[in-house]
Each structure stands twice: as structure tokens, then as C-alpha cells.
Amino acid sequence: QEQLVESGGGLVQAGGSLRLSCRAQRMIFSVYRSHDVGWYRQASGKQRELVARILSGGSTEYADSVNGRFTISRDNSRKTVTLQMSSLKSEDTAVYFCMVGDFWGRGTQVTVPS
């Protein structure tokens, strides 16, 4: 049983949008609130890279490749982390992983055909 469960992945045409969600379903609320949260991705044959994250102080950080197209948010009352993706490109094709503190989800596939 995972600490984090991702959902929302799928196949989207270039220029389309997709929303990824992550729920820390087995994590205690106080623990969840204390952690940084983020989304990472790993394309086939490449290393995992940061997509976006929210630091403890509330600031956000985005990879240059997604800045302006993706938006990360968190809802502490629901223990969720959301990644809204717009203007998707084929380069966004990857497995996307949710991160909360030191915990990782199993990943969800996002595919944008060339």
C-alpha cells in the first residue's frame, strides 16, 4: 500500500491539457503539512528531473521547460498535490512521480504524441 497515489495520467494531443493529482492517503495530516511537495518526471532513457515543487515556506519552483505552462498546487485539508498541465508538448511525455517529503508515488504515464 503506497503512501502516495497518483492519478490523471493519459494520452493527450499536443497543445492539450491534463491534470495530475496525488493523494497522501495514508499520511497523517500533521506530517503531510510539514513536507515539501512536488512533481518529478522521467522520460524513457533519461534521468528523473524536477517539474515543479512547493517549498515549506510556500514558494514554488518550476523547471524552465514547463514554466508558464504547468501549475502546481496543494490542498492540505485533503492531503493532495495537483499539477495542472497546459499547452502540452511531445517533450512532456514521461512518467510523472509525486513527491511528498521523502515519499514517492509509483508514477503515472503522460503521453503526448509527436
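Scroll up for the structure.
All values derive from a computational prediction rather than experimental measurement.

Novice: What is the right way to look at the pattern of salt bridges in this model?
Specialist: It is possible for side chains bearing opposite charge to pair when their charged atoms get close. One pass over the structure, following the stated rule, counts four salt bridges. Two residues, Arg69 and Asp92, come together in a salt bridge whose shortest N-O distance is 2.8 Å. A residue pair is termed long-range when its members are at least 10 positions apart, and Arg69 in the loop between β6 (60–62) and β7 (70–75) and Asp92 in the loop between β8 (80–85) and β9 (94–100) qualify at 23 residues. Ionic contacts of the salt-bridge type, sharing partners, join the residues Arg41, Glu49, Arg69 and Asp92 into one network.

Novice: I'm lost on the packing of aromatic side chains in this one. Help?
Specialist: Here a ring pair, both rings aromatic, is described through the centre-centre distance and the interplanar angle of the planes. In this structure the tally under the stated criterion is one aromatic pair. For the ring pair Tyr40 and Trp104, a centre distance of 5.0 Å and an interplane angle of 65° mean the geometry is edge-to-face. With Tyr40 in strand β4 (residues 37–42) and Trp104 in strand β10 (residues 103–104), this residue pair connects regions lying 64 residues apart in the sequence. According to the relative accessible area criterion, Tyr40 is buried, its value standing at 15%. Exposure remark for Trp104: the relative accessible area of 39% places this residue in the partly exposed category. A cation sits over an aromatic face here: Arg74 above Tyr32, 4.7 Å from the ring centre.

Novice: Just checking my understanding: could you explain the side chain of His35 for this structure?
Specialist: By secondary structure assignment, the location of His35 is in the loop between α1 (29–34) and β4. Judged by relative accessible area, which is 19%, His35 ranks as buried. Setting aside anything within four residues of it in sequence, one finds His35 in contact with Met27, Arg74, Val100, Gly101 and Phe103.

Novice: Teacher, can you tell me more about the state of the cysteines here?
Specialist: Disulfide: a covalent bond formed between the sulfur atoms of two cysteine residues. This model, assessed by the stated rule, comprises one disulfide. Shown here is the disulfide that connects Cys22 with Cys98, its sulfur atoms set 2.1 Å apart. Looking down the S-S bond of the Cys22 and Cys98 bridge, the torsion is -80°, so its handedness is left-handed. A residue pair is termed long-range when its members are at least 10 positions apart, and Cys22 in strand β3 (residues 18–23) and Cys98 in strand β9 qualify at 76 residues. Like Cys22, the residue Cys98 is buried in the burial classification.

Cut-offs and rules
Residues numbered from 1 in each chain as written. Predicted model: local features only at pLDDT ≥ 70, side-chain atom pairs only at ≥ 80, totals over all residues. Heavy atoms only, no water. Salt bridge = Lys/Arg side-chain N within 4 Å of Asp/Glu carboxyl O. Helix = DSSP H or I, 4+ residues; strand = E, 2+ residues; numbered from the N terminus. Phe/Tyr/Trp six-rings, centres within 6.5 Å; stacked < 30°, edge-to-face > 60°. Buried < 20%, exposed > 50% of the residue type's maximum accessible area, 1.4 Å probe, protein only. Lys NZ or Arg CZ within 6 Å of the ring centre and 35° of its normal. Contact = heavy atoms within 4.5 Å. Disulfide = S-S within 2.5 Å.

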